[in-house]
Amino acid sequence: MEEFLDRFPGRSDAERSWLKEVFGFVKHQLGSAPDTSLTEEAALDLSVSLLRRIEEIHNTCTLPLSYRLLSVSELVARQKVACVSNLSWSTNQHKACVKEAESEQAHHKALPRVHLLLIGYLRAGRAGELRLTDASGDVTCECVSPSPQWLGQPVFLPHWNYIPHNAPHMGLVELIGSPVLLSPCQGLAVHPGGAELSRADGVKEAAARLLTRCQGVRVQLWGVVCSVSPVLEVSDSTFFILILKDPQNSQTLPVLVQETGCLWWSQCVFVDQCVYVTVLRVCVVRGWKGNRLLSATSKSKLHILPHALSPDTHTTHTPNTLSPHTHATNTNTQDTETHTLSPHAQTPEQHTDTQTISLKTHTPQQQNTETFTQPLEATEQKVEPNVIIQSGVRMKRSKVISYQGVVTEVLSEEAGLYMIDGEVGLCLAHQPPRRRGLRTGDHLQIHGVHFLYQPCPDLPPSMLCVCLRSTLRVTTFSPLATPEPGSPGPLSLPRFLLKQDVGVSQYLWISHVTKQLRCSLVPRWLKANTVCAVAWRILQLLFKRTEGGRRRDIYTEILEDPHTCPLSQYTADPLVCEYVCVRECLSALESQCGSGASLRSLLLPGGASLSKAQLNQRLAWSHSARPGTRTRPPTPHQEQAGPQKDQSGPGPTRGQRPLVLVGVLELPGQTDAAHTSLHTHTSPHTLQLRDGSGRVACVVTEPHEDRQRAVFNSAWIGCLVCVKRVTMVTEQFLQSDFPSYTHLEQDGYITHKHYRSYLQFCSSDVHILSPSVAMATHLQAERAKRGEEEREEKRVKLDGEEEERLPRSSQHPCVSVVMRVEQKEGLSWRNTGAEREEAGLTLSFRVRAELIGPALKWGKDPKNSLVTGAEMDSHVTKVQVVYQSRAVQWFPVLQPNCLYRIVVSNTQDTSLLSGKVAPWQSKVELHTDPALQVGLDWTFHTLALPNLLHSQCLSPNLMSVSELLDSSSAEMVWFQGVLSERISLLENTNTGHAHSDVGEGLKLRLTMCDQSGRSVHVYLDLSRAPYPPGLLPGNTLLLSAFQRRLSRSGGVYCNSLPVSCVTVSQLGDSSPPQPSTPLVHLMDWMQPGEKRCIVGQVKGHVVCVLYLQLTWSCSLCDSTFIQSRCSSPQCYSTTAVFQSTAKIIMEDGTGEAQVWFSCPLVRLLLGLADSQWEELQRALRVRGRIRVYSRGRGLVCEEDSDCLLQYLSSLCSSSTVCRSLTLTCRARAHTQQAEGEARRFTRGETDFMTRMLLPLQLTCTHIEADS
Ligand SMILES: [Zn+2]
Ligand SMILES: [Zn+2]
């Protein structure tokens, strides 16, 4: 010790004690490390050497007393956060580095600095990794370019990062500078001299040797590295493959490295290095078509040669320059010489001068390195991918490139997905998991990586995917801390990839979905470890067949030329389904609602001619219903690429991806306080789909024979489902005051705006990912019924997760009874007197039902299990079941003619279900059936008894629209029809029941029609009812308990009653219904009775124009508007609309009809061009109005002198107008052609009374084309 201190004279006390500590530490940690023995003298030398190096690096005369040496075990055990230690940094240098690093990557902090120093021995681990070992233990080391010379040497680490792992006693030391060798190199491999190198085989000669089978031949080989495979562990053997090429003719030769002692070579060799490997033997790889390759032996040595000094050129150099290039150790003067002699050999990141450690490398590679493709170039190269159509699937071929860049984002460590340079994706899944996960800020060099263009629309369009032939190397370790320390993780996704053998595009898709599901369903509905399996199940459901199917063959993938691997080809379907969580779905729904421009589209056609009242009425309610898709805005990248380079054409970039939703189906009332802040769009009429991000109302129907029906099995409640093919509906309610069409852009005229968004789907498009207990029972019963015991449907096992979500049939006692619903009332706020809510009204409905059999006691909840004999007997009690306040959540489940089991838990009192008088009714004398008041703990389970159900599903008194119209007796009606038109009756919105909601307190006029085309108006008063979703044109509605009325003119219409109920029984197409228009002869149209059709196509000739009126009218008061002023004296309106009407006589050879035309069609009838029409409007401004009408068969004008009139009348009688036309027409309402009109004629002295048929009156809705 004294001898040691003597070497450092003139030190202070503090320094002396620090020196003592260092000496003791070195002596203990290096002296007692495994497999070493250190003499006192050697320890002294090492300590002195260490201190000289410290002084040199610290670069001041004083000792760095703030630093302390740390043992490996202490580091691993104590250091819980990632950190950096750098002896050479001054405080200012450190600050500058932090600033630079953090400025490059927003949202990331630089690693915090610690003042710790490490020493130890560098040794090779079992799988070829470097480990730093001292007496206390060892830790994995990562180094950007280790040298073979460091192995086994005592080293001092002045600059390093430490990244702890989640697992205890695990961590990773990243060497950000080379280690310092403490003892002069000794016992190293003899450097190959010139003579030795000249005996070495080049790639070409060695390849020739492979062909001649010689036992025991050992080969010395030199060549340029062109690929380094990752270290693979396959059935107990660990190996990697190095491929060398001849720099002259680029012939390649693989070297298999399987020898445990040589595995660490994989760390030292890089693409484009020149290496010399000794004592290789020839071996046969069975798995690879019996081909032979060279394999390293236990005696093999690896030498890394400076590039300029490859054996081809070495004759011109002196022998000492042939020493292997080593990257380190300023102690070695010989190396310094080498550097100066061969500057090309030095790649920038290999600089070891501690004063100039740079955390960034910009410098280009050596001249002969293949150029690294930059992102833009990359795009350029791959936008002409080879597209192959393989069995109907569009396949692309990937391109193999090299790339260098910086990791800018870790997309999913689990799935091995990263983002480089902010725009290129990187997928590592096709290589075995790396010891060190990549971090944001890492600089990478990747050789032989596959470039895929748009393999998955959820990820960046440019994707780099590594395979076993690719070489990925981190050239600079990131100076940034990762938010969560890099943990090995379950890595279940890549393992999945191996097992299921999916193609790369589907892998990327499933990785993305897994990440999303994790956000929206874990941990409430799914366990973290089942997410992958659920994503896989969704993939199976959505993709008819999974791509891939090719087993990976490791040897072929690494060795074969030309290279093929699972990444060589990939599918590229830009319109693949897109998973969205409920919140995203809702925002997509909201984006359907529009601005001024979309208001305009609501008013087509003929919006411009609407008066103020008509205009605002039309805007009051509108809806958008379209298939669940979302358009992805083109990324800046795609815009850059330009349309002409876009191989996929306009479809994919602009196309619509169908949406897929995953969530749990719930009753509308199942809300909990914790989630009230979530996005909510619910309605008591519907079930809701829910995930962690929100809930959305769903109008659901069930397939029934070849149609749909409203029935919804209660077993769906609580199921985790995947819904594909949804219709996204947004209803828009607008209170507005637009003076005219031209003001639509001005939002100020909108006084109130309100949306309702929900989904519509049929349960056949719902797939169960995890069934509820009731659904499992239901499916089992179904299967048993069909006699299928085999083939248990392949369903994801969710590790008891379902029990957590839905407690299994509890052991609590309960009572039950079977109920058949006969009739259901509509939901409304009623004054029940039972509960006090706002204004004394309670949301409620009633069901008229039969209780079948007696109420039974149960030891545990029977849920929807098969009905037992004891439950069903002939005893039937008629009851009214009353649902109030929260019990109304059962509304969507209960449907007429279905059987339910009512279960009341935690009781054994059967009298609850016996249909006795409810307490609140006891004071009133009863004239109706006894009532059951539904309690909050009652549950209703749908029972499947198909024999009973199917026969009675449509009750006998359910009518069609035609039957309703023709029925003579019925007062109260149940009927079904397709909703063809819906109008809000505006005048009632401001009166009556006060609701803050525009959607509520509405009165609607629904036009219901059936297949015959006949229709009936239904007036629906919603002022006392919550708003029912699904009343959309195209949907089939079941209207029960409506009042049938006759109008004064004898027409039939219906009114809603307080008990009326509207149910959506079938979903229409997402587009509004296009009534099929049959071609009709006018004669047929005049037939009286049922056969008369409403809409039809007429092919005929315009005989004459009876009447034509063009007007500028005031948008407020309808008066004529003359020269920009309203003609009405009280009106100060400044807006006018141009209106036109015409009436013609048309005949088609079978009869004659009068056809009315209004605004946009008049122009087409007159055959005028847009410009002519505008000119006409301008000309009319002066007088405001013009009329042309016929007398007899000649046209007469109001004033013959007027040239405008003359023009119009001549136009109307010309062949431009009087021509053959095909029109779509609708019969005008309430014209009674059949009866005709009594007329009196006088002939001389005699009066004749005759009944004249009125001409057929039609309104033209569309002019097809001139025929
Ligand atoms: Zn490949
Ligand atoms: Zn006016």
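Here the structure is a predicted model, which means the values were calculated and not measured. (Residues numbered from 1 in each chain as written. Chains lettered and ligands numbered in written order. Predicted model: local features only at pLDDT ≥ 70, side-chain atom pairs only at ≥ 80, totals over all residues. Heavy atoms only, no water.)

Before going further, it helps to spend a moment on the overall build of the protein. Scanning the protein for helices and strands turns up 27 helices and 61 strands. With 1267 residues in all, the protein has 54% of them scored as buried. Counting contacts in the protein only where the partners sit at least 6 residues apart, residues at least 24 apart contribute 72% of the total. In the form shown here, the protein has an accessible surface area of approximately 57,000 Å², with 51% of it arising from carbon and sulfur atoms. (Helix = DSSP H or I, 4+ residues; strand = E, 2+ residues; numbered from the N terminus. Buried < 20%, exposed > 50% of the residue type's maximum accessible area, 1.4 Å probe, protein only. Contact = heavy atoms within 4.5 Å. Areas by Shrake-Rupley, 256 points an atom, 1.4 Å probe, with all protein chains shown as cover.)

In this structure, Leu-426, Leu-464, Trp-509, Leu-517 and Ile-538 are the most contacted members of the largest nonpolar core, which totals 75 residues. Sequence-distant contacts of Ile-538, defined by excluding residues within four places in its chain, comprise Trp-509, Val-513, Leu-517, Val-662, Cys-722 and Leu-769. Membership of the second largest hydrophobic core comes to 60 residues, among which are Val-711, Leu-759, Leu-851 and Tyr-900. (Core = buried A, V, L, I, M, F, W, Y, C linked by side-chain atoms within 4.5 Å.)

All right, on to the coordination of the zinc ion (ligand 2) then. In this structure, Cys-1114 (SG), Cys-1117 (SG), Cys-1126 (SG) and Cys-1131 (SG) serve as the protein donors to the zinc ion (ligand 2), at separations of 2.2 to 2.4 Å. Bound by 4 donor atoms, the zinc ion (ligand 2) shows angles of 95 to 121° at the metal and therefore tetrahedral coordination geometry. We note that the donor set of the zinc ion (ligand 2) lies within a single chain, spaced as C-x2-C-x8-C-x4-C. Residue class for Cys-1117 comes out partly exposed when judged on its relative accessible area of 31%. What makes Cys-1126 buried here is its relative accessible area of 6%. (Donors = N, O, S within 2.8 Å, 3.2 Å for Na, K, Ca; no water. Tetrahedral: all angles 85-135°; square planar, octahedral: opposite > 155°, others 65-115°.)

What follows covers the coordination of the zinc ion (ligand 1). At this site the zinc ion (ligand 1) is bound by His-450 (NE2), Cys-467 (SG), His-563 (NE2) and Cys-565 (SG), with donor distances of 2.0 to 2.2 Å. Each of the 4 donor atoms around the zinc ion (ligand 1) contributes to a set of angles spanning 96 to 120°, which defines the coordination as tetrahedral. Counting gaps between the donor residues of the zinc ion (ligand 1) yields the pattern H-x16-C-x95-H-x1-C. In this pair, His-450 is assigned in strand 22 (residues 443-453) and Cys-565 in the loop between helix 14 (554-559) and strand 25 (569-571), connecting sequence segments 115 residues apart. Cys-565 carries the same exposure label as His-450, and that label is buried.

Bringing the environment of Gln-732 into the picture now. Turning to its location among the elements, Gln-732 is positioned in strand 35 (residues 727-736). Spatially, the C-alpha atom of Gln-732 lies 6.6 Å from that of Arg-756, the residues being 24 residues apart in sequence.

Topologically, Val-393 is positioned in strand 18 (residues 393-397). According to the relative accessible area criterion, Val-393 is partly exposed, its value standing at 23%. C-alpha separation for the pair Val-393 and Thr-571, spaced 178 residues apart in sequence, amounts to 6.9 Å.

Moving on to helix 25 (residues 1159-1166). Because the α-helix completes a turn every 3.6 residues, residues three or four places apart line up on one side. The buried fraction of helix 25 amounts to 6 of the 8 residues, a majority that puts the element mostly inside the structure. One or two steps after helix 25, the chain reaches Gly-1167, where phi turns positive at roughly 70°.

Applying the stated criterion across every chain, the model contains 32 salt bridges. The shortest N-O distance in the salt bridge between Glu-414 and Arg-518 comes to 2.9 Å. On the criterion of sequence distance, the pair formed by Glu-414 in the loop between strand 19 (399-412) and strand 20 (417-420) and Arg-518 in helix 12 (residues 504-521) is long-range, its members being 104 residues apart. Judged by its relative accessible area of 29%, Arg-518 is partly exposed. Between Arg-690 and Glu-666 there is a salt bridge, with the nearest N and O atoms lying 3.2 Å from each other. A residue pair is termed long-range when its members are at least 10 positions apart, and Arg-690 in strand 31 (residues 687-691) and Glu-666 in strand 29 (residues 656-666) qualify at 24 residues. (Salt bridge = Lys/Arg side-chain N within 4 Å of Asp/Glu carboxyl O.)

This part takes up a negative patch on the surface. On the surface, Glu-2, Glu-3, Asp-6, Glu-41 and Asp-45 cluster together to form a negatively charged patch. Mapped by element, the contributors of at least two residues to the negative patch are helix 1 (2-6) and helix 3 (40-58). The element best represented in the negative patch is helix 1, accounting for 3 residues. Structurally, Glu-2 can be placed in helix 1. Classification of Glu-2 as partly exposed rests on a relative accessible area of 48%. (Patch = residues over 30% accessible without salt bridge, like charges linked within 9 Å, V, L, I, M, F, W, Y side chains within 5 Å. Lys, Arg positive; Asp, Glu negative; His and termini not counted. Charge placed at Lys NZ, Arg CZ, Asp CG, Glu CD.)

Let us now look at unusual backbone geometry. Backbone torsion omega between Asp-561 and Pro-562 reads -5°, so that peptide bond is classified as cis. Checked against the element boundaries, Pro-562 lands in the loop between helix 14 and strand 25. Its identity is not glycine, yet Asp-272 carries a phi of approximately 80°, on the positive side. Take Asp-272: it is sitting in the loop between helix 8 (265-268) and strand 14 (274-284).

The next thing to look at is the pairing of strand 44 (residues 938-943). Here strand 44 lies mainly inside the structure; 5 of its 6 residues are buried. Here 6 bridges tie strand 42 (residues 899-905) to strand 44, and the two strands are oriented antiparallel to one another. If you follow Val-903 over to strand 44, its bridge partner there is Thr-939. (Pairing = 2+ DSSP bridges.)

Counting through the fold element by element, Ser-1119 comes out in the loop between strand 51 (1095-1114) and strand 52 (1121-1122). In contact with Ser-1119, not counting residues within four places along its chain, are Trp-1112, Ser-1113, Cys-1114, Cys-1126, Ser-1127 and Ser-1128.

The next point concerns the side chain of Thr-1120. Positionally, Thr-1120 belongs in the loop between strand 51 and strand 52. On the basis of relative accessible area, Thr-1120 is assigned to the buried category, the value being 14%. Here the side chain of Thr-1120 touches Arg-1185 through a polar contact of 2.9 Å, side chain to side chain. Aside from chain neighbours lying at most four places away, what touches Thr-1120 is Thr-1111, Trp-1112, Ser-1113, Arg-1125, Cys-1126, Ser-1127, Arg-1183, Gly-1184 and Arg-1185. (Polar contact = N/O pair within 3.5 Å; in protein donor to acceptor, adjacent residues only side chain to side chain.)

Tallied over the entire structure, the rule returns 12 aromatic pairs. Taken together, a centroid distance of 5.5 Å and an interplanar angle of 65° make the contact between Phe-4 and Phe-8 edge-to-face. Grouping residues by exposure puts Phe-4 and Phe-8 together as buried. When the ring of Phe-4 is compared with that of Phe-23, the centres are 4.8 Å apart and the planes differ by 20°; the resulting orientation is stacked. (Phe/Tyr/Trp six-rings, centres within 6.5 Å; stacked < 30°, edge-to-face > 60°.)

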